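As a plain string of letters, each chain reads:
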Amino acid sequence: MSTVYLNGAFVPKADAKVSVDDRGFLLGDGVYEVAPFYQGVPLCMDRHLARLERSLAGLRIDYDIAGLEVVLQKLIEVNELESADRALVYLQITRGVAPRTHYFPEGPVEPTVYAFAKAWSRPPEDAWSRGFTAITVPDRRWMRVDIKSICLLPNGLAYQDAREAGVDDAILVRDGVAIEGTHQNFWGVIGGTVVTHPESNLVLSGITRGVVLEVACDLGIPVQERAIQVEELRDAEELFFTGTTAEVRPCVEVDGRQVGKGGAGPVTRRLSDGFLARVAQTREAAAAATP
Ligand code: PDD
């Protein structure tokens, strides 16, 4: 059975218990992070923790994250995931346990801190090359999706719509703009330029998005951070998603219409290869730093 972390202790998952008065359970009053490990080496952990701090500040949850990095690394070790090609840690912090009120608890409350680790895998090469499909769905989320809050109901409903339509994800559309996927950022290759929504309150500032922007810059691929109008999807040469467990993932069909020539496009492939090279460099640097 997996070992999880709950409020300072590593415990078997079955023994991890949270109060029914937890504000995460009653009100969705909490934030989360998902961070990847490649053969036990974290990728961009500093950026994930910085985003966590911004999310906590956004909800005014007072919690000092010092020490969490060690906890997450230990979670990988105790679950014997150090040799896994790909693993992740999920970390959730809620405002804590208090009698239910919509406003914040009046007295001091200890946030509830929960984390688990698990392995995940990249799709096989042939499936990746064939690519992934999507539908467009209205973006019904609140106006602060830059905060990685645990309130994921609109994301879940849109993803369920996608599954029921027999496709791989939904592209969330607000005011005619293709913002992002249900759990991954969204990109286009339009007129030879790589385009993705700029950082704002309307989009999650993906850590993979940041790395892929750097990779594009290193490769000399022109990039523009701007809104992608939904009508532009029709003529885009390529579309793709990025995210912690998506890495770089080609999107080859939207609302039943083929994108570009179909299959993973050349720019998507270069960015994916560049991203995987970054992962390999991070692993090599970590190995070189180990005495
Ligand atoms: N999802 N956009 C949304 C709405 C997301 O939920 C995520 C991450 C991303 C990509 O961010 P990153 O590159 O930092 O993973 C974009 C996580 C993985 C999840 O909910 O499981």
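Residues numbered from 1 in each chain as written. Predicted model: local features only at pLDDT ≥ 70, side-chain atom pairs only at ≥ 80, totals over all residues. Heavy atoms only, no water.

Visitor: Which parts of the structure should I look at to understand the sheet that holds strand E5 (residues 87–94)?
Guide: Strand pairing in a sheet relies on backbone hydrogen bonds, with the paired strands running either antiparallel or parallel. Reading across the sheet, the six strands line up as E2-E1-E6-E5-E3-E4 and stay open at both edges, with antiparallel pairing between neighbours. The open sheet has two free edges, formed respectively by strand E2 (9–12) and strand E4 (41–42), since each of these has just one partner strand. As judged from the four bridges shared by strand E1 (residues 3–6) and E2, these two strands associate in the antiparallel manner. Considered in E2, the bridge of Leu6 is made with Ala9. Across the sheet, helix H3 (residues 68–78) is in contact with E1, E2, strand E3 (30–38), E4, E5 and strand E6 (112–119); its angle to E5 comes to roughly 135 degrees. (Pairing = 2+ DSSP bridges. Helix = DSSP H or I, 4+ residues; strand = E, 2+ residues; numbered from the N terminus. Contact = heavy atoms within 4.5 Å. Axes fitted to C-alpha atoms, helices over the stretch in contact; angles between N-to-C directions.)

Visitor: Sorry if this is basic, but what is going on with the packing of aromatic side chains here?
Guide: Both the distance between ring centres and the angle between the ring planes are used here to describe each pair of aromatic rings. Inspection of every chain in the model, using the stated rule, returns seven aromatic pairs. With a centroid separation of 5.1 Å and an interplanar angle of 15 degrees, the aromatic rings of Tyr90 and Phe116 are classed as stacked. One end of the pair, Tyr90, is in strand E5; the other, Phe116, is in strand E6, with 26 residues separating them in the sequence. Classification of Tyr90 as buried rests on a relative accessible area of 17%. (Phe/Tyr/Trp six-rings, centres within 6.5 Å; stacked < 30°, edge-to-face > 60°. Buried < 20%, exposed > 50% of the residue type's maximum accessible area, 1.4 Å probe, protein only.)

Visitor: What's the story with the domain arrangement of the protein in this structure? I'm lost.
Guide: It is common to give the size of an interface as the accessible area lost on bringing the parts into contact. You can read the domains of the protein as domain 1 (3–119) and domain 2 (125–279). A straight line from the C-alpha centre of domain 1 to that of domain 2 covers 26 Å. Across the interface of domain 1 and domain 2, roughly 1800 Å² is buried in total on both sides, 65% from carbon and sulfur atoms. The three residues of domain 1 that bury the most area against domain 2 are Tyr32, Arg47 and Arg51, which together make up 35% of that side's buried surface. Counting the contacts that link domain 1 with domain 2 gives two salt bridges. A salt bridge links Glu214 to Arg47, with the shortest nitrogen-to-oxygen separation between them at 3.1 Å. (Domains from an automatic or database assignment. Buried area = accessible area lost by both parts, 1.4 Å probe. Salt bridge = Lys/Arg side-chain N within 4 Å of Asp/Glu carboxyl O.)

Visitor: Would you explain the pattern of salt bridges in this entry?
Guide: Opposite charge on two side chains allows them to pair when their charged atoms are near. On inspection of all chains with the given rule, the structure shows 16 salt bridges. Ionic pairing is found between Asp218 and Arg278, a salt bridge with its closest N-O pair at 3.7 Å. With Asp218 in helix H6 (residues 207–218) and Arg278 in helix H7 (residues 266–289), the pair connects residues that are 60 residues apart, well separated along the chain. Residue class for Asp218 comes out exposed when judged on its relative accessible area of 60%. Residue Arg226 is joined to Glu232 by a salt bridge in which the shortest nitrogen-to-oxygen separation is 2.9 Å. By relative accessible area, Arg226 is classed as partly exposed at 23%. Three or more residues are tied together by salt bridges with common partners; here these are Arg47, Glu214, Asp218 and Arg278.

Visitor: What is the right way to read H6 from this model?
Guide: In an α-helix there are 3.6 residues to a turn, and that puts residues three or four apart on one side. Counted at 1.5 Å a residue, the expected span for H6 with its twelve residues is 16 Å, and the 17 Å between its end C-alpha atoms agrees. Buried within H6 are the following residues: Ile207, Thr208, Arg209, Val211, Val212, Leu213, Val215 and Ala216. Gly220, located one to two residues past H6, shows a positive phi value of around 70 degrees. (Expected span 1.5 Å × (residues − 1).)

Visitor: So what exactly am I meant to see when it comes to a nonpolar patch on the surface here?
Guide: Together, Val20, Phe25 and Leu26 make up an exposed nonpolar region whose accessible area comes to about 310 Å². When you line up the elements, Phe25 lands in helix H1 (residues 23–27). What makes Phe25 exposed here is its relative accessible area of 61%. (Patch = residues over 30% accessible without salt bridge, like charges linked within 9 Å, V, L, I, M, F, W, Y side chains within 5 Å. Areas by Shrake-Rupley, 256 points an atom, 1.4 Å probe, with all protein chains shown as cover.)

Visitor: Explain the environment of Ala246 here, please?
Guide: For Ala246, the position within the fold is in the loop between strand E13 (238–243) and strand E14 (247–254). For Ala246 and Asp218, which are 28 residues apart along the polypeptide, the C-alpha to C-alpha distance reads 21 Å.

Visitor: Please clarify how empty space enclosed by the protein should be interpreted in this entry.
Guide: Any space left empty among the atoms is revealed by the rolling of a water-sized probe across them. All told, the structure shown has three cavities of 30 Å³ or more when counted by the stated rule. Roughly 50 Å³ of internal volume is contained in the largest cavity. Every residue along the wall of the largest cavity is listed here: Pro36, Leu43, Cys44, His48, Ile207, Thr208, Val211, Thr244 and Phe275. By residue number, the principal contributor to the lining of the largest cavity is H6, which donates three residues. (1 Å grid on protein atoms, 1.4 Å probe; cavity = no way out; pocket = protein on both sides within 12 Å on 5 of 7 lines; lining within 4 Å. Points joined across faces, edges and corners; volume = space filled by probe spheres on them.)

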